[in-house]
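Commentary on secondary and tertiary structure
Okay, here's what each chain looks like letter by letter:
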Amino acid sequence: VLVLAVAAADWSARASMGWLLLWALAPQLAELSRRGVDRYILRRRFSAEESERYFQERTQSAASEAALREALERTLSEIFAAKVSIADPQEARPPALQAPLGGGEILLAEPRSPGQPFWSEDARLLDRLARSAGLMLDAARLRDSEAALRLLSSRAELRALRAQVNPHFLFNSLNAIAGLI
């Protein structure tokens, strides 16, 4: 009886250790299965988190609004494996997944390159990336307008200096002529 009790306690301890190990590994197993579904079934190149990180890395270095628009189209095309265009709201819209963007819309052309449809998670990801892109475009527009204002300010200062120099030159010339006379 004692041998059976020790064997049962040993089996119970091993079984609970197995369940504890399974409980500890559950988050990693869930992440592996999610990645497997994303990569092999849905044929996505990036997960949502990887997409956002990749998007930020690829678009941060754009210096002007035009360069940022090009970087946005190229990066979003890579993320969604579809042709992406940033269109004005007045332009005709092809059948696509779309998201509003400050001063336009992001349009994803159907079908995707591997022939996969767009899923609801793709629409949510596109909305998040469009909000980020809108903020980036606003910042780029502010930088561009700030540079234009700096240029206009320096031109105005130069004109003001020229206006100050011209009367002094004329006055000095007239004084020299009067002195010679």
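Data block above holds the structure.
All figures in this text were calculated on a predicted structure; none of them were measured in a lab.

For the rest of this paragraph, the subject is the overall build of the protein chain. When helices and strands are counted, the protein chain shows four helices and three strands. Put simply, the protein chain has 181 residues, and 24% of those count as buried. Look at the contacts in the protein chain between residues 6 or more apart in sequence, and 55% of them connect residues 24 or more apart. Carbon and sulfur atoms provide 64% of the accessible area of the protein chain, an area that totals close to 12600 Å².

The final tally for this structure, using the stated rule, is one aromatic pair. Taking 4.6 Å as the distance between ring centres and 25° as the angle between the ring planes, the aromatic pair formed by F46 and Y54 counts as stacked. With respect to burial, F46 and Y54 carry one shared label: buried. When the ring centre of Y54 is taken as reference, the NZ or CZ atom of R45 above it lies at 5.8 Å.

Relative to the 16 Å expected for 12 residues at 1.5 Å per residue, helix α2 (residues 48-59) spans 16 Å between its end C-alpha atoms, a close match to the ideal helical length. Within the span of α2, buried status applies to A48, S51, Y54, F55 and T59. Relative to the axis of α2, the buried residues are bounded by an arc of 120° and lie together on one face. Seen from the open side of α2, the exposed residues pointing more than 90 degrees away from its buried face are R53 and E57.

Each packed pair of helices is defined by two parameters, the angle between the axes and the distance between the axes. Taken N-terminus to C-terminus, the directions of helix α3 (residues 65-80) and helix α4 (residues 120-180) make an angle of 165°; their axes are 10 Å apart at the nearest point. In terms of their interaxial angle, α3 and α4 are classed as roughly antiparallel. Considering how the two elements wind past one another, α3 and α4 form a crossing that is right-handed. Across the interface between the two elements, E65, L68, R69, L72, L76, I79 and F80 of α3 pack against D122, L125, L126, L129, A133, M136, L137, A140, R141 and D144 of α4. In terms of residue class, the contact of α3 with α4 is made up of 12 nonpolar, no polar and five charged.

As for its placement among the helices and strands, S47 is situated in the loop between α1 (2-41) and α2. On the basis of relative accessible area, S47 is assigned to the buried category, the value being 7%. Aside from chain neighbours lying at most four places away, what touches S47 is R34 and D38.

A separate point is the packing of α2 against α3. Interhelical geometry of α2 versus α3 gives an angle of 150° and a closest axis separation of 9 Å. The orientation of α2 with respect to α3, classified from their angle, is roughly antiparallel. Pair α2 / α3 crosses with right-handed handedness. Contacts between α2 and α3 involve S51, Y54, F55, R58 and T59 on the former and, on the latter, L68, A71, L72, R74, T75, L76, E78 and I79. Within the contact of α2 with α3, the residues separate by chemical class into seven nonpolar, three polar and three charged.

Parameters and conventions
- Residues numbered from 1 in each chain as written.
- Predicted model: local features only at pLDDT ≥ 70, side-chain atom pairs only at ≥ 80, totals over all residues.
- Heavy atoms only, no water.
- Helix = DSSP H or I, 4+ residues; strand = E, 2+ residues; numbered from the N terminus.
- Buried < 20%, exposed > 50% of the residue type's maximum accessible area, 1.4 Å probe, protein only.
- Contact = heavy atoms within 4.5 Å.
- Areas by Shrake-Rupley, 256 points an atom, 1.4 Å probe, with all protein chains shown as cover.
- Phe/Tyr/Trp six-rings, centres within 6.5 Å; stacked < 30°, edge-to-face > 60°.
- Lys NZ or Arg CZ within 6 Å of the ring centre and 35° of its normal.
- Expected span 1.5 Å × (residues − 1).
- Arc of directions from axis to C-beta.
- Axes fitted to C-alpha atoms, helices over the stretch in contact; angles between N-to-C directions.
- Parallel < 35°, antiparallel > 145°, perpendicular 65-115°, else oblique.
- Left-handed = near helix turned anticlockwise from the far one by under 90°.
- Nonpolar A, V, L, I, M, F, W, Y, C, P; charged D, E, K, R; others polar.

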